[in-house]
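Spelled out from the first residue to the last, the chains are:
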Amino acid sequence: MANTKPLDTIAAIATASGAGGIGVVRVSGPFSGQIATGVLGHIPAPRHAAYLDFKQANGDLIDRGIAIYYPNPHSYTGEDVLELQAHGGTALMQILLARCIELGARQAEPGEFTRRAYLNDKIDLAQAEAVADLINAATAEAAKSAVRSLSGEFSQRINTLLLKLIDLRMFVEACLDFPEEEIDFITQGRVADKLATIIVELNAVFAKAKQGSLLREGINVVLVGQPNVGKSSLMNQLAGEEIAIVTSIAGTTRDTIKNAIQINGVPLHVIDTAGLRETDDEVEKFGIERTWRAAQSANIALLLVDAAHGITETEKSILARLPQEIRKIWVHNKIDVANEPALVAEKDGAMHIYLSAKTGAGLDLLKSHLLKLAGYENNSEGVFMARARHLEALSQVQIHLNFASEQINSAELIAEELRISQDALSSITGEFTPDDLLGEIFSKFCIGK
C-alpha cells in the first residue's frame with residue numbers, strides 16, 4: 001500500500017455530542033504546530049500533557065485545559081497531531097473547533113482520522129474497521145472481539161495465511177518453468193500436504209470470523225403463530241422485562257414489536273408479531289401483513305404452538321408460507337398448563353422445544369439452541385470482529401483453495417487458484433482494495449474518528 005501524505009490539516013470534535021465533563025478537539029496535518037501556536041502561544045513538548053490557556057485571536061480566553069502535541073510519525077494518524085482537552089460544553093467545543101479552523105484547518109469528514117492512519121501505514125484496513133466496531137459494540141463480548149481485531153490478532157492470522165499461500169504459489173509457479181518435471185515438483189514439494197494445511201488453518205480462521213460477525217450483526221428472530229399462543233409472553237421472558245402487552249384476549253398484538261436482547265454476549269433482534277388468523281378487523285390485517293414482511297428478513301423463525309393441542313393444519317400452513325431458507329424451531333408453549341416437562345426433541349428433521357413462557361421453564365433450552373442454530377459456540381476465546389466483506393473474501397478463498405486441491409496434478413490450474421485466493425485474502429487487510437470501497441467503509445465512521 002502506497003504511503004499517502006495529505007497536504008491539508010483536518011480538525012473535529014472527537015468526543016460524543018452533548019455536554020460532558022471533558023471534550024476533545026483533535027487536529028491532524030502539517031498545520032497542527034501552527035494551530036498549537038495560535039491557540040496556546042507555543043507548541044507543547046512532544047507527547048507531554050500540558051495545562052494551558054486556550055485563546056482566541058484577540059487574546060480572549062476560550063478555556064483552560066490539557067494540550068498534547070504528537071509530532072509525526074509517532075501519532076495515531078502518522079501526521080502531526082494536536083489534541084485539545086477542554087470542558088465538555090457543546091458551545092465551548094464549537095468555539096474551540098472554530099478557532100482551529102480559523103488557524104488553517106478544515107472540518108474533518110467522517111472517519112478521516114482513521115483513514116489517514118490507514119493510508120500512512122499505522123494500521124491496516126481490518127484494524128481500521130475494528131475502530132468503528134469497538135465504538136459501536138452493543139455487548140461486552142462484541143467489544144472484546146473488536147479489541148482483538150484492533151490489536152491486530154485478526155490481521156496476524158490473515159497475514160500468516162498469506163505468507164504460506166505466497167510461498168506455495170511461488171513454488172508452484174516455479175514448476176511452470178520446468179514442465180517436463182512438473183509432477184515430480186508437485187510431489188517432492190508436498191504441494192498437496194501444504195495446501196491441506198492452509199485449508200485447515202483457513203477453516204479455523206473462518207469459524208472465528210463467523211462468530212465475530214454474529215457478535216457484530218446479531219441474529220434476527222421472529223415469533224410467529226396463531227393468536228394467544230404466548231408470543232408476547234415469550235418476548236417478555238427473553239427480554240427479561242415487560243416489553244409486550246399480555247392478555248388472554250386473542251389479537252392483542254396488532255403490530256410488530258422489535259426488541260434487542262443478548263444471549264451470552266450475542267445480540268438478538270427479537271420481533272413479536274400479530275397472531276396469524278383470518279380476520280375482518282382492518283387494523284389487525286395490517287399487523288398480519290407486517291408479520292409476513294418481518295418473516296422475510298429473519299434468520300430464525302420460532303413457530304409457537306399451544307402444547308395442549310400441538311401442531312395443527314393451521315400451523316402447517318404457516319410453516320408452508322415461511323421462506324425456505326429461514327431456520328425454524330417449533331416452540332410448544334404452555335407446558336405448565338399441559339403439565340409436561342421442559343425438553344428438546346427432534347422429530348421428522350425438525351427441532352421442537354417444550355417450554356413455558358409464563359414460568360420460564362425450558363427457556364435456557366431455547367436460548368442454547370438459538371445460539372447453536374446461529375452457529376455460535378459458547379467459547380468465545382480468540383473470536384475477532386468480522387464484517388460481511390471479510391466473510392465473503394474468506395468464502396472465496398475457501399472455494400478456490402478447495403478447487404486447487406482437486407486439481408493437484410495441474411500446476412497451471414493450482415497457480416491460478418492460488419493467485420485468486422491471494423488477492424481475496426489481501427483485500428481483508430487492505431493490501432489490494434479499490435478506492436470506492438475505502439470511501440464506503442470510512443463514510444460510516446463518526447466524525448472525529
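Residues numbered from 1 in each chain as written. Predicted model: local features only at pLDDT ≥ 70, side-chain atom pairs only at ≥ 80, totals over all residues. Heavy atoms only, no water.

**Considering the overall build of the protein chain**
Secondary structure summary: the protein chain contains 16 helices and 13 strands in total. By residue count, 49% of the 449 residues in the protein chain fall in the buried class. Relative to all contacts within the protein chain whose residues are 6 or more apart in sequence, the contacts with residues 24 or more apart total 66%. When the accessible surface of the protein chain is summed, it comes to about 20,900 Å², and 53% of that surface belongs to carbon and sulfur atoms. (Helix = DSSP H or I, 4+ residues; strand = E, 2+ residues; numbered from the N terminus. Buried < 20%, exposed > 50% of the residue type's maximum accessible area, 1.4 Å probe, protein only. Contact = heavy atoms within 4.5 Å. Areas by Shrake-Rupley, 256 points an atom, 1.4 Å probe, with all protein chains shown as cover.)

**A word on the pattern of salt bridges**
The tally for this structure, following the rule as stated, stands at 17 salt bridges. Glu 102 is the salt-bridge partner of Arg 99, the closest N and O atoms lying 2.6 Å from each other. Placement of the pair is Arg 99 and Glu 102 together in helix α2 (residues 90-102), with a separation of three residues, close to one helical turn. For Glu 102, a relative accessible area of 52% puts it in the exposed group. Residues Lys 316 and Glu 313 are paired through a salt bridge, measuring 3.5 Å at the closest nitrogen-oxygen approach. Highlighted residues: Lys 316 and Glu 313, both in helix α11 (residues 313-321), separated by three residues, approximately one helical turn. (Salt bridge = Lys/Arg side-chain N within 4 Å of Asp/Glu carboxyl O.)

**Quick word on the packing of helix α8 (residues 191-217) against helix α14 (residues 388-406)**
Between α8 and α14, the least distance of the axes is 10 Å, while the angle of their chain directions is 160°. In terms of orientation, α8 and α14 fall into the roughly antiparallel class. Note that α8 runs across α14; the crossing there is left-handed. For the pair α8 and α14, contact is made by Leu 195, Ile 198, Ile 199, Leu 202, Asn 203, Val 205, Phe 206, Ala 209, Lys 210 and Ser 213 and by Leu 391, Leu 394, Ser 395, Val 397, Gln 398, Leu 401, Asn 402, Ala 404 and Ser 405, respectively. Of the residues assigned to the contact of α8 with α14, the class counts are twelve nonpolar, six polar and one charged. (Axes fitted to C-alpha atoms, helices over the stretch in contact; angles between N-to-C directions. Parallel < 35°, antiparallel > 145°, perpendicular 65-115°, else oblique. Left-handed = near helix turned anticlockwise from the far one by under 90°. Nonpolar A, V, L, I, M, F, W, Y, C, P; charged D, E, K, R; others polar.)

**Comments concerning the sheet that holds strand β2 (residues 20-28)**
Strands sit in the order β3-β4-β5-β2-β1-β6 across an open sheet of six strands; the sheet is mixed. At either end of the open sheet lies a strand with only one pairing partner, and these are β3 (50-55) and β6 (106-107). The sheet contact formed by β2 and strand β5 (residues 81-88) spans seven bridges and is antiparallel. When the bridges of β5 are listed, Val 27 appears paired with Leu 82. On the sheet, helix α3 (residues 112-119) packs against β1 (10-13), β2 and β6 and is oriented at approximately 135° with respect to β1. (Pairing = 2+ DSSP bridges.)

**Here we look at the environment of Leu 92**
Looking at the secondary structure, you find Leu 92 in helix α2. With a relative accessible area of 17%, Leu 92 lands in the buried category. Expressed as a C-alpha distance, the spacing of Leu 92 and Ala 19, which sit 73 residues apart in the sequence, is 9.6 Å. With near-sequence residues (within four places) excluded, Leu 92 lies in contact with Ile 62, Asp 63, Ala 86 and His 87.

**Looking at the confidence of the model for the protein chain**
Regions with low pLDDT should not have their predicted coordinates read in detail. When pLDDT is averaged across the protein chain, the result is 82; 80% of the residues are at 70 or more. Under a pLDDT of 50 for its full length, residues 244-256 has, in the predicted model, 39 contacts with residues more than four places off or in other chains. (pLDDT = per-residue confidence, 0-100.)

**Description of the pairing of β1**
Within a regular strand, the side chains alternate between the two sheet faces. Side-chain alternation along β1 places Ile 10 and Ala 12 on one buried face and Ala 11 and Ile 13 on a second face that is also buried. Of the pairings in the sheet, the one linking β1 to β2 comprises four bridges and is antiparallel in character. Residue pairing across strands places Ala 11 opposite Val 27, the latter belonging to β2. Here β1 hands over to β2 after six residues, with Gly 18 in that stretch at a positive phi of 105°.

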